[in-house]
Amino acid sequence: EAGVAQSPRYKIIEKRQSVAFWCNPISGHATLYWYQQILGQGPKLLIQFQNNGVVDDSQLPKDRFSAERLKGVDSTLKIQPAKLEDSAVYLCASSFNRDRGRGLEAFFGQGTRLTVV
Amino acid sequence: GDSVTQMEGPVTLSEEAFLTINCTYTATGYPSLFWYVQYPGEGLQLLLKATKADDKGSNKGFEATYRKETTSFHLEKGSVQVSDSAVYFCALLNNAGNMLTFGGGTRLMVKP
């Protein structure tokens, strides 16, 4: 079974520039998450989708971050404009269906390492 | 809100030593608990999980028991190997099954 695919693996941009990340979840997984992992910290949830609807985006800095999941499959996360403090690894994860019960495993991609200079 | 607290690292051990990484949580209801591992240059992988009180999750020689009375899910391994060197994250999935919250991670370094 193919895993969660993310691209690019690495990105270096200057502050105030824009950047976009792409995620392709595991086939059939209805739930998709974007996490931000700052160096030395645990992942922090940015946004969660159930199919193509947003379940939770309470920690997404909406003045600069946006995300979409058209057709309920692939997702893109965009930052515009970027700040120095956005330097982090952006992780995408997917799980089968949050309504199917508790303890469902989330599968993670390798992440995109963003450096803002 | 829900939270997870892990012991700070790094934890440095010699090969074949006993490992304990402490994890405690705060949550309402009956969360599910997980340990994820992140090897250098790789993504997060599920190591083990427990979905109800007194359940024991185990995998690759690692174990953790869901203790509701102490709100803990400590990770243990009887004999660590150099290949176990990684960052370990404790996490909880809330009662509603719609929020996965991570601890800060603990880096383990095993020396030969």
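Remember, it's a predicted structure, so these values are computed and weren't measured experimentally.

Engineer: Mind laying out the overall build of chain B, listing which residues take part and the relevant values?
Structural biologist: Each helix and strand in chain B was counted, giving zero helices and 12 strands. Taken over C-alpha atoms, the radius of gyration comes to 13 Å for chain B, in line with the 13 Å a tight globule of 112 residues would show. When contacts within chain B are restricted to residue pairs at least 6 apart in sequence, long-range pairs at least 24 apart make up 55% of them. Here chain B has roughly 5100 Å² of accessible surface; of this, 48% comes from carbon and sulfur atoms.

Engineer: Please set out the state of the cysteines residue by residue, giving values where relevant.
Structural biologist: On inspection of all chains with the given rule, the structure shows two disulfides over all chains. Each disulfide pairs two cysteine sulfurs, and for Cys23 of chain A the partner residue is Cys92 of chain A, the sulfurs being separated by 1.9 Å. When the S-S torsion is -70°, as for the bridge of Cys23 of chain A with Cys92 of chain A, the disulfide is left-handed. Taken together, the positions of Cys23 of chain A in strand β3 (residues 19-24) and Cys92 of chain A in strand β9 (residues 88-95) put the pair 69 residues apart, joining distant regions of the chain. Between the sulfur atoms of Cys23 of chain B and its disulfide mate Cys90 of chain B the distance is 2.0 Å. In this structure, the disulfide formed by Cys23 of chain B and Cys90 of chain B twists by about -70° around the S-S bond and is classed as left-handed. Of this pair, Cys23 of chain B sits in strand β4 (residues 23-26) while Cys90 of chain B is found in strand β10 (residues 86-93), placing the two residues 67 residues apart along the sequence. Neither residue differs from the other here; Cys23 of chain B and Cys90 of chain B are each classed as buried.

Engineer: Please provide a residue-by-residue account of the sheet that holds strand β9 (residues 75-77) of chain B, values included.
Structural biologist: All names here are of chain B. Within the open sheet, the four strands sit side by side as β3-β9-β8-β7. Their pairing is antiparallel. Each edge of the open sheet is held by one strand with a lone partner, namely β3 (19-21) and β7 (56-59). Direction aside, the axes of adjacent strands within the sheet are offset by 15° on average. Across three bridges, β3 lies against β9 in antiparallel orientation. Within β9, the residue paired with Leu19 across the bridge is Lys77.

Engineer: Before we move on, can you summarise the pairing of strand β5 (residues 32-38) of chain B with the specific residues and values?
Structural biologist: Residue and element names in this part refer to chain B. In terms of residue burial, β5 counts as a mostly covered element, since seven of its seven residues are buried. The alternating pattern of β5 places Ser32, Phe34, Tyr36 and Gln38 and Leu33, Trp35 and Val37 on opposite faces, both of which are buried. The pairing of β5 with β10 spans seven bridges and is antiparallel. Looking across to β10, one finds that Val37 is bridged to Tyr88.

Engineer: Explain the pattern of salt bridges to me, using residue names and the numbers behind them.
Structural biologist: All names here are of chain B. Enumeration over the complete set of coordinates arrives at five salt bridges over all chains. Of the charged contacts, one joins Lys52 and Asp55 as a salt bridge, the two residues approaching to 3.4 Å between their closest N and O atoms. Given the relative accessible area of 49%, Lys52 is considered partly exposed. For Asp84, the salt bridge goes to Lys77, with nearest N and O atoms at 2.8 Å.

Quick notes on the rules
- Residues numbered from 1 in each chain as written.
- Chains lettered and ligands numbered in written order.
- Predicted model: local features only at pLDDT ≥ 70, side-chain atom pairs only at ≥ 80, totals over all residues.
- Heavy atoms only, no water.
- Helix = DSSP H or I, 4+ residues; strand = E, 2+ residues; numbered from the N terminus.
- Rg over C-alpha atoms; globule rule 2.2 N^0.38 Å.
- Contact = heavy atoms within 4.5 Å.
- Areas by Shrake-Rupley, 256 points an atom, 1.4 Å probe, with all protein chains shown as cover.
- Disulfide = S-S within 2.5 Å.
- Buried < 20%, exposed > 50% of the residue type's maximum accessible area, 1.4 Å probe, protein only.
- Pairing = 2+ DSSP bridges.
- Axes fitted to C-alpha atoms, helices over the stretch in contact; angles between N-to-C directions.
- Salt bridge = Lys/Arg side-chain N within 4 Å of Asp/Glu carboxyl O.

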